[in-house]
Each structure stands twice: as C-alpha cells, then as structure tokens.
Amino acid sequence: MNLNLEGKKVFISGSTKGIGFEAARLFLDEGAKVIINGRTSTSVQDALSDLDNDDASGLVADFMYDSHVKTLIENIPNDIDILVNNVGIFKGKDFNNETVEDWNDHFKVNLMSGVQLSKHFLPEMIKRDWGRIIFISSECATLVPSDLLSYSVSKASINVFSSGLAKLTKGTNVTVNTIVPGSTLSEGSKKFLEETALREKKTKDQVEKNFFNDVRDSSLLSRFLNVTEVANTILYISSPLASGTNGASIRVDGGSMGSIL
Ligand SMILES: NC(=O)c1ccc[n+]([C@@H]2O[C@H](COP(=O)([O-])OP(=O)(O)OC[C@H]3O[C@@H](n4cnc5c(N)ncnc54)[C@H](OP(=O)(O)O)[C@@H]3O)[C@@H](O)[C@H]2O)c1
C-alpha cells in the first residue's frame, strides 16, 4: 500500500528512541522529511547516525524547560505537515510517594508539550488546508493503575485535549487524532524487564509472562507490542489515506482496554 507520504514534512517529539524513533524510520522509508527531537545533542546525533538518511534532521530540546520549547518552536519550519506529539515521561510511584513535582512534570512533558506545539502548528495547517496532528496516549488513560496515577491522568488529558482540538478543524482537510498504545517493548520497557529479571532471578521471558498474567491480565495479545506495531498505526493515521478519521482515539493496545469503541 502506498501511504502517499512522500515529501511530507514531519516533526516527532521525543524521537531518539522507542516508538518515536521507529516512526521516524518508517516515515523516512516512505520518502518523508523528518525532524527528530531529544534532550541532548549526543542522543540526537546518535539517532541521526542510526537513521543514516539525508532527509532526517534533529532539534535538541527538553520539554521540561519553557525556554527550550520556545527555542524549539522558533527553529522548526512553519510548514510542518505532520506533527507527532510522542514525547512522554513515566515515573512509576504509588500515590503516597508521588510529589506535586511529579504531577507537574507529567503534565508539563506529556500534555503541555503537545498543547504548545499544536498551538503553533494548527493555524498554519488550517491556512494550508492540510495537516495531521497525532497524539500518543496510553492504555493507562483508561486502565488507571493505582501506582501510575499522575502518568495515567496526564495521558487521559491528552485524549480529552485532542478530541477538543479536532473540533477546530471542522470543514478542513486537517485531522487531529490520538493513538493509544498498550505496553510496548521500547527501551524503557526493556530496562524494566532486565532489572526485574535480575532482581527476581528470572529470565526476561518469565518476567514478561508474569507481567501479562498478573499485572496486564486484560491484554488479549498477552505480550508486549513491538515499536513497529505502534509506529505502523502512526504512519497510517498520518497519511492522506486516513482522511476519514478525525477526533478519534485509535487503540493499539493488544485488546487490553476491552471497550467496544
Ligand atoms: N513503551 C510503552 O509501554 C508505552 C505504552 C503506552 C504509551 N507509551 C507512550 O509512547 C510514547 C513513547 O514512549 P517510548 O516508550 O517509545 O519512549 P522511550 O523509549 O522511553 O523514549 C523516550 C524518548 O523521549 C525523549 N524524551 C524523554 N524525555 C524528554 C523530554 N523531557 N524532552 C524531550 N525529549 C524527551 C527521549 O530522548 P532523549 O533520551 O534523547 O532525551 C527518547 O527519544 C510516550 O508518550 C509514552 O508515554 C509508551
């Protein structure tokens, strides 16, 4: 299937690793021009070397800092066609140990990054009458694990924001949608598997099996998604082929959320 993404200009926040990096790789394969982002010049340069493609470039910015976001926005070309609000942080603490700072950090990086970038790019997309804004939420937005409250609430807020933002595109060829991944084997999850395996003196396969038996038992897939499974959906929803989908939450959760819509 030709996704018709050739020549499209794409910005992906938090894309030196994981789902964002994989989406960048797939966009480049489709002939798009991609700007990746991470917190340090080393991580951005390493990712660009791995991508090894003249159509890839990078911008360093940490969404924890307002000054970085301001400089980032000043440096991204105005004519971005596809904005993927992928950056997300995740601090696994139970409610009693979560600080107000933890709550603020989750909202700053997970929600406000996308709010600020959308504020900048949506009017331009509407002027040009074409554009895609994609948010990356999480199954935690509806599963709401009690040890991931601030993360889950920040992710749920993304679905709410994205749904409202989509209403501003009425009558245009711009769409705003949210992709909702389930547990995905990115660098973060690999580290979790390795550390738990070491601590519990088990193999990574045993830890993964236990996670899907005990913690994420609602998953029909009963295994971690791989980053390509999530990135494939990002590419489709970003493409002109997905013109009929707007204001939607699209699950790539391996069935964990269990809802019929
Ligand atoms: N993995 C999962 O199981 C899962 C499940 C559901 C939803 N999600 C969501 O999917 C998205 C991607 O997750 P992932 O697991 O693929 O991530 P990941 O592998 O942990 O990678 C995180 C990326 O974000 C960048 N980053 C982190 N903090 C940043 C900040 N403050 N400013 C700018 N960049 C920052 C990192 O870049 P540097 O290290 O170069 O700074 C890196 O490129 C997130 O929104 C996450 O919440 C993930």
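These numbers were taken from a predicted model, which means no experiment stands behind them.

### Section: the packing of aromatic side chains
When we look at a pair of aromatic rings, we describe it by the centre distance and by the angle of the planes. Tallied over the full model, the rule gives six aromatic pairs. On the basis of an interplanar angle of 90° and a centroid distance of 5.0 Å, the ring pair of F211 and F212 is categorised as edge-to-face. Among the residues examined, F211 registers a relative accessible area of 12% and is labelled buried. Taking the relative accessible area as the measure of exposure, F212 reaches 5% and is therefore buried. Pairing F211 with F224 gives two aromatic rings, centres 5.5 Å apart and planes at 10°, and the pair type is stacked. On the criterion of sequence distance, the pair formed by F211 in helix α8 (residues 204-215) and F224 in the loop between α8 and α9 (227-238) is long-range, its members being 13 residues apart. Here F211 matches F224 in class, with each residue buried. Connected via pairs of aromatic rings, a cluster forms that spans F192, F211, F212 and F224. For K8, the ring lying beneath its charged end belongs to W130, and the centroid distance is 4.0 Å.

### Quick word on the nonpolar core
Of all hydrophobic cores here, the largest spans 35 residues; its most connected members are F27 and V84. In terms of residues, this core owes the most to one element, helix α1 (residues 18-29), which gives seven residues. Within the second largest apolar cluster, 26 residues are counted, among which are A61, I76, I80 and V115.

### Considering the sheet that holds strand β4 (residues 82-85)
Spatial ordering of the open sheet is given by β3-β2-β1-β4-β5-β6-β7, a layout of seven strands whose pairing is parallel. The open sheet has two edge strands, β3 (56-60) and β7 (249-252), and neither has a second partner. Neighbour-to-neighbour, the strand axes of the sheet open up by a mean angle of 20°, direction not taken into account. Bridge analysis of strand β1 (residues 9-12) against β4 gives three bridges, and the strand direction is parallel. Bridge pairing in β4 places I12 opposite V84. Seen against the sheet, helix α4 (residues 100-128) touches β1, β4, β5 (131-136) and β6 (174-181) and runs at an angle of roughly 165° to β4.

Basis of the calculations
Residues numbered from 1 in each chain as written. Predicted model: local features only at pLDDT ≥ 70, side-chain atom pairs only at ≥ 80, totals over all residues. Heavy atoms only, no water. Phe/Tyr/Trp six-rings, centres within 6.5 Å; stacked < 30°, edge-to-face > 60°. Buried < 20%, exposed > 50% of the residue type's maximum accessible area, 1.4 Å probe, protein only. Helix = DSSP H or I, 4+ residues; strand = E, 2+ residues; numbered from the N terminus. Lys NZ or Arg CZ within 6 Å of the ring centre and 35° of its normal. Core = buried A, V, L, I, M, F, W, Y, C linked by side-chain atoms within 4.5 Å. Pairing = 2+ DSSP bridges. Axes fitted to C-alpha atoms, helices over the stretch in contact; angles between N-to-C directions. Contact = heavy atoms within 4.5 Å.

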